[in-house]
Amino acid sequence: MTPRAADRARYDRATAPLDAPLALVDLEAFDANADDLVRRAQGKPIRVASKSVRCRALLERVLARDGFAGIMSFTLAESIWLARAGFEDVLLAYPSADRDRFAELAADPKLAAAITVMVDDPAQLDLIDRARDRADLPVRICLELDTSLQLLGGRVRVGARRSPLREPAQLAELARAVVRRPGFRLVGLMAYEGHVAGVGDDIAGRPVRSRAIRLMQTAARKELAARRAEVVRAVRAVAPDLEFVNGGGTGSVQHTAAEDAVTEIAAGSGLYVPRLFDNYTSFTGRPAALFALPVVRRPGVGVVTVLGGGYPASGAAGVDRLPVPYLPEGLRYDPQEGAGEVQTPLLGTAADDLLIGDKVWFRHAKAGELCERFDELHLVEGDRVTATVPTYRGEGRTFL
């Protein structure tokens, strides 16, 4: 029996009393992935990206482990919800225009102390000021640095379009604006190198593209390390008491941790290890989060139909954004139908061994987005479900 077949047998036994569709997290794999992140972080704390987990129970589990500290959230409403639930260090990784929540944040000492918000434009400070009634509770501010690699005088850009702040002088100028302005406190700097941390460099069947990605990432890491160090020096000259400099992501943990200027690492997808994180030379994780769909039809030889399945991930549309049939091995989509909203046909010789009611296990393309499809996660240890916990959706919290 192959390791994957053994996992399938465990998951089928563990969930035998449960009807699919359902989602599970293998806690042994989850904990092993957490240990690997800590090893690669080389002693620097890891701030957990909540969008990649979207389950309070699992956020609590990982934050109870040595090597993890704090949450990186994705909306202000989520940040406030987490802070009110007892999480004491929440960094909002994206700017917000939620005036009602800014008013709530600025009026509550507990929230103001627990939450740090992201800014890359003075207009965002103006919005916060207009939203609040009082300025005696300072809002904690983090600045974001653009990490993209720019070539040929900026005519070629590699990396996400995030912050407009790129050069040390730009960050220092905004830092001075924050420091001079009543009601704000500059505490952090963030730089997320998604083109390194979130892009696999070992794509199956694509050796030339894989090599090109590795060359790009080597150049990007070198350029960013030098520029990030200069930016940190420039911002610390304005705000010597800066509490943290956040960088990295699952795919670049060890590289970012090696930079002296960085004080903490962000990671989250590496806990679940979705399919987009299979293609890295720098680490190998264990798939920990899966979902099962039931076989409801057998249309013919070499084909079964499962209920549901159209769960694409965000990003540029493509086949790599679809979930992948994982267990049993050897199933694939019908190219004329793909993953369907209500039903999904699957092809392959493995289909002939499946009966009506059997489960087919899938891996989602991205991490936390799976939790937007399911109200709960069944936590598996060995061949038993030892707990069932709600996702954000299961708690009635759909923040985006």
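Above this note sits the structure.
Residues numbered from 1 in each chain as written. Predicted model: local features only at pLDDT ≥ 70, side-chain atom pairs only at ≥ 80, totals over all residues. Heavy atoms only, no water.

### Comments concerning the pattern of salt bridges
Selection criterion: We define a salt bridge as a contact between a side-chain nitrogen of Lys or Arg and a carboxyl oxygen of Asp or Glu at a distance within 4 Å. In this description a helix means any DSSP run of H or I spanning at least four residues, a strand means any run of E spanning at least two, and both kinds are numbered starting from the N terminus. Classification of residues uses two cut-offs on accessible area relative to the type maximum, computed with a 1.4 Å probe and protein chains only: under 20% is buried, over 50% is exposed, and between them is partly exposed.
Inspection of the entire model under this criterion finds 35 salt bridges. A salt bridge links Arg-54 to Glu-372; the shortest N-O distance between them is 2.7 Å. Of the two residues, Arg-54 is situated in the loop between strand 2 (46-49) and helix 3 (56-63) and Glu-372 in the loop between strand 17 (359-363) and strand 18 (376-381); the sequence distance between them amounts to 318 residues. By relative accessible area, Arg-54 is classed as buried at 11%. Where Arg-84 meets Glu-104, a salt bridge forms, and the shortest distance between an N and an O atom there is 3.0 Å.

### Some thoughts on the sheet that holds strand 6 (residues 139-144)
Counted only if it meets this: At least two bridges found by DSSP between two strands is the condition for calling them paired. Orientation is described by axes fitted as lines to C-alpha atoms, over the contacting stretch for helices, and by angles from 0 to 180 degrees between their N-to-C directions. In this description, contact between two residues means that some pair of their heavy atoms is separated by no more than 4.5 Å.
Strand order around the closed barrel formed by eight strands is 2-3-4-5-6-9-10-11, with parallel pairing between neighbours. Neighbouring strand axes in the sheet, compared pairwise and without regard to direction, differ in orientation by 30 degrees on average. Bridge analysis of strand 2 against strand 11 (residues 264-267) gives three bridges, and the strand direction is parallel. Looking at the pairing, Ile-46 lines up with Ile-265 of strand 11. Set on the sheet, helix 3 makes contact with strand 2 and strand 3 (68-73); between it and strand 3 the angle comes to about 145 degrees.

### Some thoughts on helix 8 (residues 168-180)
Using the following cut-off: Between the first and last residue of a helix there are one fewer steps than residues, each counted as 1.5 Å, and that sum is the expected span.
Between the first and last C-alpha of helix 8 there are 18 Å, a value that for 13 residues agrees with the 18 Å anticipated at 1.5 Å per step. Considering only its buried residues, helix 8 is in contact with strand 5 (115-119), helix 7 (122-131), strand 6, strand 9 (184-191) and helix 10 (207-238).

### Notes on the environment of Ala-85
Position of Ala-85 relative to the elements: it lies in the loop between helix 4 (76-84) and strand 4 (90-92). Distance in space between the C-alpha atoms of Ala-85 and Gly-154 is 44 Å, their sequence separation being 69 residues.

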